[in-house]
Amino acid sequence: MDVDAVVIGAGFAGLYMLHELRARGFSARVLEAGSDVGGTWYWNRYPGARCDIESVDYSYSFSESLQQEWEWSERYSAQPEILRYLSHVADRFDLRRDITFDARVTAAHFDEGAACWTVHAPGLPPLVSRFCIMATGCLSVPQVPALPGLGDFHGPVHHTGNWPESDVDFSGRAVGVIGTGSSGIQSIPVIARQAARLTVFQRTPNFSVPAFNGPLDPDEFREVKARYRERREANRASSGGVDRATNEQNTFDVDEDQRLHEFESRWGRGGFHLLGSYADIMVDQRANDEVAEFVRGKIREVVHDPATAEALLPRGHPLGSKRVCVDTGYFEAYNQDHVTLVDLRRSPLETITARGVRAGGVEHELDSLVLATGFDAMTGALDRIDVRGRDGCELAEAWSGGPATYLGLGVAGFPNMFVLAGPGSPSVLTNMVTSIEQHVQWTAGCVDHLRRNGYRSIEATEQAQHDWVEHVRELAAETLFPKAASWYLGANVPGKQQVFMPYVGGLDLYEETCDAVAANDYRGFDLK
Ligand code: N01
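Residues numbered from 1 in each chain as written. Predicted model: local features only at pLDDT ≥ 70, side-chain atom pairs only at ≥ 80, totals over all residues. Heavy atoms only, no water.

Q: What's the story with the site of the ligand in this structure? I'm lost.
A: Residues in contact with the ligand amount to 24 residues; listed here are only the nearest, Thr180, Ser183, Gln186, Arg203 and Thr204. Contact distances for the ligand include 3.0 Å between an oxygen atom and a backbone N or O atom of Ser182. Note that an oxygen atom of the ligand is positioned 3.2 Å from one of the backbone N or O atoms of Ala372. No other element matches the three residues that helix α5 (residues 182-194) contributes to the shell around the ligand. For the shell around the ligand, the class distribution of residues is 10 nonpolar, nine polar and five charged. (Near = heavy atom within 4 Å. Polar contact = N/O pair within 3.5 Å; in protein donor to acceptor, adjacent residues only side chain to side chain. Helix = DSSP H or I, 4+ residues; strand = E, 2+ residues; numbered from the N terminus. Nonpolar A, V, L, I, M, F, W, Y, C, P; charged D, E, K, R; others polar.)

Q: Quick question: what am I supposed to make of the side chain of Thr405 here?
A: With respect to the helices and strands, the residue Thr405 is situated in the loop between α13 (395-398) and β18 (417-419). In this structure the side chain of Thr405 is engaged in a polar contact, spanning 2.9 Å, whose partner is the backbone nitrogen of Gly408.

Q: Just to check I follow, could you spell out the environment of Val144 for this structure?
A: Of note, Val144 is situated in the loop between β6 (127-134) and β7 (157-159). For the pair Val144 and Phe272, spaced 128 residues apart in sequence, the C-alpha separation works out to 28 Å.

Q: Help me understand the sheet that holds strand β14 (residues 356-359), please; the structure alone is not making it clear to me.
A: Either a parallel or an antiparallel arrangement is found when strands of a sheet pair, and the pairing is made through backbone hydrogen bonds. Reading across from one edge, β13-β14-β15 is the order of the three strands in this open sheet, with antiparallel pairing throughout. If you trace the sheet from one side to the other, it starts and ends with β13 (349-352) and β15 (362-365), each paired once. Looking at each pair of strands side by side, their axes are set apart by 25° on average, direction ignored. One ladder, built from four bridges, connects β14 with β15; its direction is antiparallel. Considered in β15, the bridge of Gly356 is made with Glu365. (Pairing = 2+ DSSP bridges. Axes fitted to C-alpha atoms, helices over the stretch in contact; angles between N-to-C directions.)

Q: Any chance you could explain the pattern of salt bridges here in plain terms?
A: Pairing is possible between side chains that carry opposite charge, provided their charged atoms lie close to one another. In total, this model carries 35 salt bridges according to the counting rule given. Among the salt bridges present, the one from Arg222 reaches Asp219, with a minimum N-O distance of 2.4 Å. In this pair, Arg222 and Asp219 are both assigned in helix α6 (residues 218-226), three residues apart and thus about one turn of the helix distant. With a closest N to O distance of 2.7 Å, Lys496 and Asp376 form a salt bridge. Separated by 120 residues along the polypeptide, Lys496 in the loop between α15 (462-477) and α16 (507-519) and Asp376 in the loop between β16 (368-371) and α12 (380-383) bring together distant segments of the chain. Asp376 shares its class with Lys496; the two are buried. Where salt bridges share partners, they join Arg22, Arg29, Asp94, Arg97 and Asp98 into one cluster. (Salt bridge = Lys/Arg side-chain N within 4 Å of Asp/Glu carboxyl O. Buried < 20%, exposed > 50% of the residue type's maximum accessible area, 1.4 Å probe, protein only.)

Q: I tried to follow the nonpolar core on my own but got confused; where do I start?
A: Side chains of a nonpolar character, in soluble globular proteins, are inclined to be buried together. Counting residues in hydrophobic clusters, the biggest one holds 129 residues, and the most contacted among them are Phe12, Tyr60, Leu407, Trp442 and Phe525. It is helix α14 (residues 432-452) that contributes the most residues to this core, nine residues altogether. Two domains each donate at least three residues to this core, and these are domain 1 (3-140 + 376-527) and domain 2 (150-217 + 236-371). Those residues within four positions of Trp442 in sequence are excluded, and the remaining contacts are Leu407, Leu409, Phe418, Cys514, Asp515, Val517, Ala518, Tyr522 and Phe525. Counting residues in each nonpolar core, the second largest holds 25 residues, with Ile8, Ile385, Val411 and Val419 among its members. (Core = buried A, V, L, I, M, F, W, Y, C linked by side-chain atoms within 4.5 Å. Domains from an automatic or database assignment. Contact = heavy atoms within 4.5 Å.)

Q: It is not clear to me how the domain arrangement of the protein chain should be interpreted in this structure. Could you clarify?
A: Interface size is commonly expressed as the accessible surface area that is lost when the partners come together. According to the domain assignment, the protein chain consists of domain 1 (3-140 + 376-527) and domain 2 (150-217 + 236-371). Between domain 1 and domain 2, the C-alpha centre-to-centre distance is 28 Å. Approximately 3,400 Å² of surface area, both sides summed, lies buried where domain 1 meets domain 2, with 52% of it carried by carbon and sulfur atoms. When residues of domain 1 are sorted by the area they lose upon contact with domain 2, Tyr46, Asp52 and Leu480 head the list and together hold 20% of the total. On the surface where domain 1 and domain 2 come into contact, there are two salt bridges. (Buried area = accessible area lost by both parts, 1.4 Å probe.)

Q: Explain the packing of helix α1 (residues 12-23) against α14 to me, please; I cannot follow it from the model alone.
A: In helix packing, the relevant descriptors are the interaxial angle and the interaxial distance, both defined with respect to the helix axes. Direction vectors running N to C along α1 and α14 enclose 35°, while the axes themselves pass 9 Å from each other. In this structure, the crossing between α1 and α14 has a hand that is right-handed. Contact with α1, carried on its side by Phe12, Ala13, Tyr16, Met17 and Glu20, involves Val433, Ile436, Glu437, Val440, Gln441, Thr443 and Ala444 of α14 and no other residues of that element. Of the residues contributing to the contact of α1 with α14, the split by class is eight nonpolar, two polar and two charged. (Left-handed = near helix turned anticlockwise from the far one by under 90°.)

Q: I'm lost on α15 in this one. Help?
A: Residues three or four positions apart in an α-helix share a direction because the helix packs 3.6 residues into each turn. The first and last C-alpha atoms of α15 sit 22 Å apart over 16 residues, in line with the 22 Å expected at 1.5 Å per residue. For α15, every residue scored as buried is listed here: Ala464, Gln465, Trp468, Val472, Leu475 and Ala476. Angular distribution of buried residues about the axis of α15 spans 100°; they occupy a single face of the element. Exposed positions of α15 whose direction lies more than 90 degrees from the buried face are Glu462, Gln463 and Ala477. Looking at the buried positions of α15, the neighbouring elements they touch are α16. (Expected span 1.5 Å × (residues − 1). Arc of directions from axis to C-beta.)

Q: I keep staring at helix α7 (residues 228-236) and nothing clicks. Help me out?
A: Of the positions making up α7, those classed as buried are Tyr228, Arg232, Asn235 and Arg236. The buried residues of α7 occupy an angular sector of 95° when the element is viewed end-on, so they sit on one face. Buried residues along α7 sit against α3 (64-69), α6, α14 and α16.

Q: Before we go on, may I ask you to explain the sheet that holds strand β8 (residues 174-178) in this structure?
A: One open sheet accounts for five strands, arranged β7-β16-β8-β9-β12; its pairing is parallel. The open sheet terminates on both sides in strands that have one partner only, identified here as β7 and β12 (339-343). Averaged over all pairs of adjacent strands, the angle between strand axes in this sheet comes to 20°, irrespective of strand direction. Direction of pairing for β7 relative to β16: parallel, over a ladder of three bridges. Counterpart to His158 in the pairing with β16 is Val370. Here α5 sits on the sheet in contact with β8, β9 (197-202), β12 and β16, set at roughly 160° to β9.

Q: Teacher, can you tell me more about the packing of aromatic side chains here?
A: How two aromatic rings sit relative to each other is given by the distance of their centres and the angle of their planes. In total, this model carries 31 aromatic pairs according to the counting rule given. For the pair Trp70 and Tyr85, a centre-to-centre distance of 5.2 Å together with 70° between the ring planes defines the contact as edge-to-face. Taken together, the residues Trp70 in the loop between α3 and α4 (79-92) and Tyr85 in helix α4 connect sequence positions 15 residues apart. Considered together, Trp70 and Tyr85 belong to a single accessibility category, that of buried residues. Here the aromatic cluster, defined as three or more aromatic residues joined through ring pairs, consists of Phe12, Tyr16, Trp41, Tyr58, Tyr60, Phe62, Trp70, Trp72, Tyr85 and Phe93. The ring of Phe252 carries Arg286 above its face, with NZ or CZ at 4.3 Å from the centroid. (Phe/Tyr/Trp six-rings, centres within 6.5 Å; stacked < 30°, edge-to-face > 60°. Lys NZ or Arg CZ within 6 Å of the ring centre and 35° of its normal.)

Next comes the structure, spelled out in structure tokens:
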């Protein structure tokens, strides 16, 4: 055995997992495909990339001194600052000595006789460990659509999720952006400031709310730090991993004036606060229509050209059923003469040409192309590793009908493997960092329990996994989430089995369930 645990990935999850394992006296090695720490914040260097949860919450809580000493400069930090933070964490806790960079894991195989994993990365000797912990991220495999002619384009093509480290200069250039999810919506206003011309190719308009980002007020930040522990506890005890003081009332418990007042005041606070307006927004279509119409009204107010405004209005999916975007000047960007919106529903994208993009019979000439086309989410990274469990069973095969997990943490047939913040857990529906901390702590506690009690392996039972998958599906079916063709469902990847992947029950309830499982001698897992 080379180490007790191999951790795959050195983003928020992998870094903390390493720290927590070490703290409990386990040896571990992290294998990271990138050349440095950061995970999603290492790869997503596109202009405008920043978090959509306030930084004082989108950060680790596990170390009081870390959270006291770190200074965030803005309410919603930009990618370079978050990357600096993760780099600081790696140095401060001396994590780098147990991380191998430029190590893209291609295979992980379980040996039942020895109850251990052998993990392969090209150019490195295989690593043998008792546990294999997947910290591979939910949004780490860029999805490049099969656009005809893409290879013929004469200029540079960049995907937001795999942005070059060197500066990309759009000054004086005609730039095209395909995609208007969070990545597109964040990058468009920033690219518009540089480019001579910007053409946005939009297939589905999205709901976006302003961040009202700005420098963090030092007094406010001091106040946060003075009560950080309580704030973090409230986040952890909330359904979304960040305490937004969700209104307990339902939308139609109040009259229209009161409703509008509530929407306005939450809108004014910026970011996801609007989502906490009423308790029934994600379960009652009529309630959702109210808040959706409020947002459409805001878009109409901002965008001067009525035809452009109309094309930007999100319709056909409930607000929140696709991740709501948090922007800085997105809709305002369309008021500039050099920014053009191409509505692909009216003018379908026909082909990429050598000179640009042809849509609806018109060729839009471009010098550079940006693909803000999303990710093979939640399962993409794991599907790309040849993971084999007991009896050589392959994970990609086991998940061909959609990912099946117990609690999102364990997979039947794959003993001693843990998945952090993946499918079947609240993860992407919450503040990821809070969810990651919960998963890391549970996993470390579990591994500790095995050692203390002399167990060599742990594996989710088929029955427990079946029941959990059903439970996750039933909960989702009671909400409006499955009504959109979203990446939560895998709908953005042609041929991917469409299953609603995250657990919608909330982090608070989820953590209670995980803790009850642990307290009952890991009910639903086989311990050997
Ligand atoms: O990806 P997306 P993303 N032709 O899948 C379009 C997180 N994130 O990278 O909707 C034309 O949301 C596609 O159109 P449609 C966050 O959780 C967070 O933006 O399929 N268009 C859509 O408009 C987010 O949800 C932050 O019709 C095509 C876009 O590309 C998740 O990452 C920042 C197309 C893809 O949108 C993913 O966001 C960034 C085609 N063939 C990301 N194929 C923060 O703020 C795809 N599209 C922290």
